[in-house]
Amino acid sequence: MTYELQESIIVPATTQEVHALVSDVTRTGEWSPQCHRCEWEDERRGKGARFVGHNRTPQREWETVSEVIADVPGEHFAWSVGPGRAEWGYRMRPVDGGTELTEYTRTTPSFEAVFAERYGDRAEEEIQVRHEAARTGIPATLEAIRGVLANG
């Protein structure tokens, strides 16, 4: 039950401006439907840095620990949740009118194993809940990021 999803949107900013925004994980709460707050574990930034995400839905609240796995200014910012269970990230590409911003996620067999251990017979159902949240959350996140960039 692993999955991969991605969507793209044109945002009114340079690739450098977009990267500066999305790589500042402390601002994630401004655009994420689930993650209301993130903080860095320490002073380290860039690839290898770790941060804690504070997430909530109407059904539950939880924390995740993530590690930055890609940090290329103006091109790519990504992190591994778990680490090693799921990857989330943004890719940037200059286009007329700004930047094409792509958000993506993919899960791993480790993700499946953790869910099987944690939820037993309900693992597939719980994975489907996460899949649906990502499917609807990615376009909502991209629209919210576009709004943040448009409003400076």
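Structure's up top.
Worth saying up front: this structure is predicted, and the values here are computed from it rather than measured.

Draft legend 1. Here's a closer look at the layout of surface pockets. The space that makes up the largest pocket amounts to roughly 1000 Å³. As for the largest pocket, its lining consists of 46 residues, and the residues nearest its centre are Gln34, Asn55, Trp62, Thr64 and Trp88. At the level of secondary structure, the elements contributing two or more residues to the lining of the largest pocket comprise β2 (35-40), β3 (50-56), β4 (61-72), β5 (76-81), β6 (86-95), β7 (98-107), α2 (109-119) and α3 (123-150). Of all the elements, α3 adds the most residues to the lining of the largest pocket, at eight residues. Partitioned by chemical class, the residues of the lining of the largest pocket number 25 nonpolar, 14 polar and seven charged.

Draft legend 2. Local environment of the side chain of Arg130. Structurally, Arg130 is set in helix α3. For Arg130, a relative accessible area of 14% puts it in the buried group. Side chain to side chain, Arg130 and Tyr119 meet in a polar contact 3.0 Å long. Arg130 has contacts with Tyr3, Arg60, Phe111, Phe115 and Tyr119, leaving out every residue within four places of it along the chain.

Draft legend 3. Spatial organisation of α2. The set of residues buried in α2 consists of Phe111, Val114, Phe115 and Tyr119. Considered in projection along α2, the buried side chains sweep an arc of 100 degrees and stay on one side of the axis. In this structure, α2 carries Pro109 and Glu117 as exposed residues pointing more than 90 degrees from its buried face. Positive phi shows up at Gly120, right after α2, with a value of about 55 degrees.

Draft legend 4. Layout of the packing of aromatic side chains. Across all of its chains, the model carries seven aromatic pairs by this definition. Relative to Trp79, the ring of Phe51 lies with its centre 6.1 Å away and its plane at 65 degrees, an arrangement referred to as edge-to-face. One end of the pair, Phe51, is in strand β3; the other, Trp79, is in strand β5, and 28 residues separate them in sequence. Pair check on accessibility: Phe51 and Trp79 agree, each one buried.

Draft legend 5. Looking closely at the packing of α2 against α3. At their nearest, the axes of α2 and α3 sit 8 Å apart, and the two run at 125 degrees to each other. The angle between the axes of α2 and α3 places the two elements in the oblique class. α2 and α3 meet at a crossing whose hand is right-handed. Contacts between α2 and α3 involve Phe111, Glu112, Phe115, Ala116 and Tyr119 on the former and, on the latter, Ala123, Glu126, Ile127 and Arg130. Tallied by class, residues from the contact of α2 with α3 come to six nonpolar, no polar and three charged.

Draft legend 6. Layout of helix α1 (residues 15-22). Of the positions making up α1, those classed as buried are Thr15, Val18, His19, Leu21 and Val22. All buried residues of α1 fall inside an arc of 160 degrees around its axis, so they share one side.

Draft legend 7. Looking closely at the nonpolar core. With 34 residues, the main nonpolar core has Val18, Phe51, Tyr90, Leu101, Ile145 and Leu149 as its most contacted residues. Counting residues per element, the ones that place at least two in this core are β1 (4-11), α1, β2, β5, β6, α2 and α3. Per-element tally for this core: the top contributor is α3, with eight residues. Dropping the residues within four chain positions of it, Leu101 is found in contact with Glu7, Ser8, Ile9, Val11, Val18, Tyr90, Arg91, Met92, Leu142 and Ile145.

Definitions and limits used
- Along each chain, the written sequence defines residue order, and numbers are assigned to residues from 1.
- Thresholds applied to this predicted model are a pLDDT of at least 70 for local features of residues and 80 or more for the giving and counting of side-chain atom pairs; totals over whole chains, interfaces and linings are not thresholded and use all residues.
- Side-chain numbers come from the whole structure's heavy atoms, not from hydrogens or water.
- Every definition here rests on a 1 Å grid over the protein atoms only: cavities are sets of points where a 1.4 Å probe fits but cannot get out, pockets are open sets enclosed by protein on both sides within 12 Å along at least five of seven lines, and lining residues have some atom within 4 Å of a point.
- Grid points are joined across faces, edges and corners, and a volume is the space filled by probe spheres set on the points.
- The secondary structure listing takes helices from DSSP runs of H or I that are at least 4 residues long and strands from runs of E that are at least 2 residues long, numbered from the N terminus.
- In this classification, Asp, Glu, Lys and Arg are treated as charged, Ala, Val, Leu, Ile, Met, Phe, Trp, Tyr, Cys and Pro as nonpolar, and every other residue, Gly included, as polar.
- A simple rule labels every residue: compare its accessible area, found with a 1.4 Å probe on the protein chains alone, to the largest value its type can have, and call it buried under 20%, exposed over 50%, or partly exposed in between.
- Polar contact is defined as a pair of N or O atoms within 3.5 Å, subject to the rule that within protein one atom must be able to donate a hydrogen and the other to accept it, and that residues adjacent in sequence are counted only when both atoms are side-chain atoms.
- Any pair of residues with heavy atoms lying within 4.5 Å of one another is described as a contacting pair.
- It is the directions from the helix axis to the C-beta atoms whose arc is reported.
- When two rings of Phe, Tyr or Trp (its six-membered ring) have centres within 6.5 Å they constitute a pair, described as stacked for plane angles under 30 degrees, edge-to-face for angles over 60, and tilted for the intermediate range.
- Axis angles are defined between N-to-C directions and span 0 to 180 degrees, where every axis is a line fitted to C-alpha atoms and, for a helix, only to the segment in contact.
- Our angle categories are set so that under 35 degrees counts as roughly parallel, over 145 as roughly antiparallel, 65 to 115 as roughly perpendicular, and the remainder as oblique.
- Whether a crossing is left-handed or right-handed is set by the direction in which the near helix is turned from the far one by less than a right angle, anticlockwise for left-handed and clockwise for right-handed.
- We define the nonpolar core as a collection of buried residues of types Ala, Val, Leu, Ile, Met, Phe, Trp, Tyr and Cys that are connected through side-chain atoms lying within 4.5 Å of one another.

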